[in-house]
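Here are the chains, one letter per residue:
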2 protein chains.
Amino acid sequence: MKSGGSFNDLMPDTLTIALDAMGGDRGPEVVIPGADKALERCPDLQFLLFGDKARLEAALTAYPRLKAKSEVIHSEISVSMDDKPSQALRRGRNVSSMWMAIQAVKEGRADVAVSAGNTGALMAMAKVILKTMPGISRPAIAGMWPTLRGDSIVLDLGATIGADADQLFDFAVMGGAMARCMYGVQRPKVGLLNVGIEEMKGVEEVREAGRRLREANLPLEYYGFVEGDDLGKGTVDVVVIEGFTGNIALKTAEGTVRQLTTFLKDALNQSWMTKLGYLLAKSAFDALKAKLDPRTKNGGVFLGLNGIVVKSHGGTDAFGFAAAIDVAIQVTRNKLIEKIAADLTVKSYANQAGENSALNAEGI
Amino acid sequence: MKSGGSFNDLMPDTLTIALDAMGGDRGPEVVIPGADKALERCPDLQFLLFGDKARLEAALTAYPRLKAKSEVIHSEISVSMDDKPSQALRRGRNVSSMWMAIQAVKEGRADVAVSAGNTGALMAMAKVILKTMPGISRPAIAGMWPTLRGDSIVLDLGATIGADADQLFDFAVMGGAMARCMYGVQRPKVGLLNVGIEEMKGVEEVREAGRRLREANLPLEYYGFVEGDDLGKGTVDVVVIEGFTGNIALKTAEGTVRQLTTFLKDALNQSWMTKLGYLLAKSAFDALKAKLDPRTKNGGVFLGLNGIVVKSHGGTDAFGFAAAIDVAIQVTRNKLIEKIAADLTVKSYANQAGENSALNAEGI
C-alpha cells in the first residue's frame, strides 16, 4: 500500500487489492468467493471491490470474513466481454468497475488491480490510466507456462503485435524481474523464442535483441535462442517473443492439450477392459489433470506500466480467480515494478555496448 | 513420368521417384528399406537412388524387389545434417546426392524427389534448381497436422520468414491445391492463422490476404481467421501462416505432446495399482500412441517450385520414410503442380478485385 491510502496506513504489510468485481463471464459469483479463498491463504489483505453495490453487498453476506476486509465502491457500468477496446474506453471511462479498479492503483489507494474482464479493454484502460514506465515503449502480458520442470514465464502473450529489438530487450528485463519475484531465483535464465538456435537464425529484431542481452549487465542469465519445443521442456525460466507469435504459441499449446486429452478419453472408453484400467489408474489421471489444470496457472501480468494489473481468465471459477490474486500478491510483495525500474537503468549502457560491440566483446 | 524419361516411357502410370539415399541421420539404412515398403504398397514405382554406389548396391542385395525397380546413380558428396545452406550449395552443387535427386526432377527423369536431408540445404538447392513457379515469389513447406477430426495441412512451416499479403494468398492457393490432392475434397476450407477471429485483428498482411481470398474465385472455401487452438481442433482443412510463426507453432505443439506423454508416463508409474491399470488399458495407450505417431505424418511438401520435393524427417525410420514417399506419390499422381498453376490464373483477377473492393463487395 503506497502512502496516502485510505484505511490501512498503520499496517505496512497489508496489501490492498482492487478488484473489478463485475469482470469475467460470471462477475461477482466468481470474484467474491475467489477473493475469500485468497484471503483465507493470506489474511493480510484488504480489498476494494468495484461494481454494482447492491449485488456486491448481497453477495458478501455469505462471506463475512471477506466483508470485514472489503470496501465496496459502486460503479455504474460493466465492460462486457465482447466490447472492443475503443468501445470500452468510450463507455467505461471513469464509470466502469474495470476503469475504477485500475484508477485506484494509479491513485495509490490500491497496490494492484485484478480483473477477469476482457483483455483488450483491460489493457487499453491500463495503458491510458497508468501509462508506460519511463524507458518502456510497449507493455506486455506475461503468463506462467507449465513445463516438464516447473513453470516458466512467457511474454508477450498478445498485448501488442510485433516488437523491435529494443522492445524485446525490455520484455526480457521485465520477464526476468517477474521470475525473480515469482520463483525466487537470483539470475533467471532468459531465452528469445526463435526458429533455430544458431546466431544467424530468425528475424533481425530477435538477433539484435540477443546481442544486446548478451552484452548488458542485468540480473539474469541470457541463454540465447530457444525453439517452440523448449516451451514445454522448460529450458529457460523466461521465454521472450513478440505478441503475435506468443499468442499463437499459447493457443496452439492449449489446443494441443485439449486434443490429447480428448484422444486419451476416447481411447480409454474403447472397451470394458480399458475402462477398468482407467479406474485402477484413476489416481494417475487425477494427478495428470491437476498438473494440466489451467486454473493453477491463472493470472497474466501486465508489465511495463506504472502499476500492476493482473488479468484473470474470464471463464475461470473461484479457485482460478484466487490463483490470479495470488500472482498479484506475489509480484506486488516482491516489488516487481521497483525491480524493473532498477534493471532498466542498464539500458543506456546496453545500447551503447550494442553500438560498440566490436570493441567491447568480452561479454560474448 | 514426364516424356523424355530414361526407362519407362511405355508405362504412363509408373511414377519415378528420385531419392537422396544419403540424406537423414542414417542414410541408406533407412532410405532403402523405406523405399521397399513404399514399393510393396504401390508396385508401379521406379526409383532413382542417388548416393555412394558401393554402399547402395550392397544395401540393395537384401531387397531384391526394390533392386529390380531401381537405378543407382553414384554421387561423390553427401550433404551433412549440420551443413549451412550456403555450405551445402558450395560443396554439393552438381555432385551431392541431394542436388542430383532434385536435378533429376528438373530434367524430367523423375516425377518427384524425396530427401531426409537437412531442410535448409534441401530448400536452398530446390530453389536454385527448380526455381519458383510463375507468379509465385516464395516457396513454402506444407506439413500434415493431426487434429481431432483427421489431418489438416499447415503452411508455411519455416521455408521463409515473414510473408506479405500476396505471399499469404499464394500459400492459401497452394495449400488448397494440396488438400484437394491429399484429401479428395473439392473445396477445402482454408483459414488464416491470426490472434483473433474478428476482421480487424492481427497484422495488416493477414487482413489484406483475407480480403483477397474472400473475393477471389478459387476452388476453396475461405473460412476466415483461425486461432492457435483451431490447429488441434481441425477447424479447417488448410491453415495458412508465415514461416516464423508457423515453425514456432509446430514445435510448440510437438513439445506439448512430448510434455504430456511424459507427465502421463510418470503418473502411471506412481504405484502398483496405476501400473496394473496401465496394463489393463494398454490397448487404449497403444491406440493413442498410434494416433500421435509422428512417422505417420512424415513428409513436408515444398510448394511453389517448378517440381515437387518432399522432405522426410531426418531422424525417422523406414516406416516413416515410406510415409514420406506415399505423400510424394499422392501429390504427384493428383497433379499438384498443374492444380496450383491453374488456380494461380485467378491472381490477376484477385488483385484487381482487392483494389476495387469498395465497388465489388458482393463476395463479402
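Please refer to the structure placed before this passage.
So, how was this worked out
- Residues numbered from 1 in each chain as written.
- Chains lettered and ligands numbered in written order.
- Predicted model: local features only at pLDDT ≥ 70, side-chain atom pairs only at ≥ 80, totals over all residues.
- Heavy atoms only, no water.
- Pairing = 2+ DSSP bridges.
- Helix = DSSP H or I, 4+ residues; strand = E, 2+ residues; numbered from the N terminus.
- Buried < 20%, exposed > 50% of the residue type's maximum accessible area, 1.4 Å probe, protein only.
- Salt bridge = Lys/Arg side-chain N within 4 Å of Asp/Glu carboxyl O.
- Contact = heavy atoms within 4.5 Å.
- Buried area = accessible area lost by both parts, 1.4 Å probe.
- Polar contact = N/O pair within 3.5 Å; in protein donor to acceptor, adjacent residues only side chain to side chain.
- Least-squares fit on C-alpha atoms with pLDDT ≥ 70 in both.

Q: Describe the pairing of strand S8 (residues 221-226) of chain A, with residues and values.
A: Of the pairings in the sheet, the one linking strand S7 (residues 189-193) of chain A to S8(A) comprises 5 bridges and is parallel in character. When the sheet's bridge partners are listed, A:Gly191 is paired in S8(A) with A:Gly224.

Q: Describe the pairing of strand S11 (residues 308-311) of chain A, with residues and values.
A: Residue and element names in this part refer to chain A. Every second residue of S11 is oriented toward a common face, with Ile308 and Val310 on one face and Val309 and Lys311 on the other, all of them buried. Pairing analysis gives 4 bridges linking strand S4 (residues 112-115) to S11, with the strands arranged parallel. Following the sheet pairing, serine 115 is matched in S11 by lysine 311. Both strand S10 (residues 300-303) and S11 contribute to a ladder of 3 bridges, which runs antiparallel. Its bridge partner lying in S11, glycine 300 is registered against lysine 311. The antiparallel pairing of S10 with S11 creates a hairpin that spans 4 residues between the two strands, and glycine 304 there sits at a positive phi of about 100°.

Q: Go over the pattern of salt bridges with me, naming the residues and quoting the values.
A: In this structure the tally under the stated criterion is 38 salt bridges over all chains. When the shortest N-O distance is used, the salt bridge between B:Lys251 and A:Glu227 registers 2.3 Å. Taken together, the positions of B:Lys251 in helix H10 (residues 243-268) and A:Glu227 in the loop between S8 and helix H9 (228-233) put the pair across two chains. The residues B:Lys251 and A:Glu227 share a single accessibility class, namely buried. The partner of B:Lys233 in a salt bridge is B:Asp229, with the nearest N and O atoms 3.8 Å apart.

Q: Explain the environment of A:Ala323 residue by residue, including any values.
A: Residues and elements named next belong to chain A. Tracing the backbone shows alanine 323 in helix H13 (residues 318-333). Among the residues examined, alanine 323 registers a relative accessible area of 12% and is labelled buried. Remark: the alpha-carbon pair of alanine 323 and valine 239, spanning 84 residues in sequence, is separated by 21 Å. Contact partners of alanine 323, with chain neighbours within four places excluded, come to Arg41, Arg295, Thr296 and Asn298.

Q: Any chance you could break down the interface of chain B and chain A for me, citing the residues and the numbers?
A: Where interface size is given, it is often the accessible area lost as the parts come together that is meant. Taken residue by residue, the interface counts 54 residues in chain B and 54 residues in chain A. For the chain B and chain A pair, buried surface summed over both sides reaches about 4,600 Å², with 77% attributable to carbon and sulfur atoms. Contact with chain A buries area across many residues of chain B, yet B:Phe244, B:Phe263 and B:Leu280 alone supply 13% of it, more than any other trio. On the surface where chain B and chain A come into contact, there are 4 salt bridges. Taken together, chain B and chain A are joined by 7 residue pairs in polar contact (both at pLDDT 80 or more).

Q: Quick rundown of the relation of the copies chain B and chain A? Include the residues and the values.
A: Take chain B, turn it by 180°, move it 0.0 Å along the axis, and it overlays chain A with an RMSD of 0.0 Å. Each copy turns onto its partner about a two-fold axis. Across chain B, the smallest distance between a C-alpha and the rotation axis is recorded for B:Gly277, namely 1.9 Å. The share of interface residues of chain B whose copies in chain A are also at the interface is 100%, consistent with both copies meeting through the same surface.

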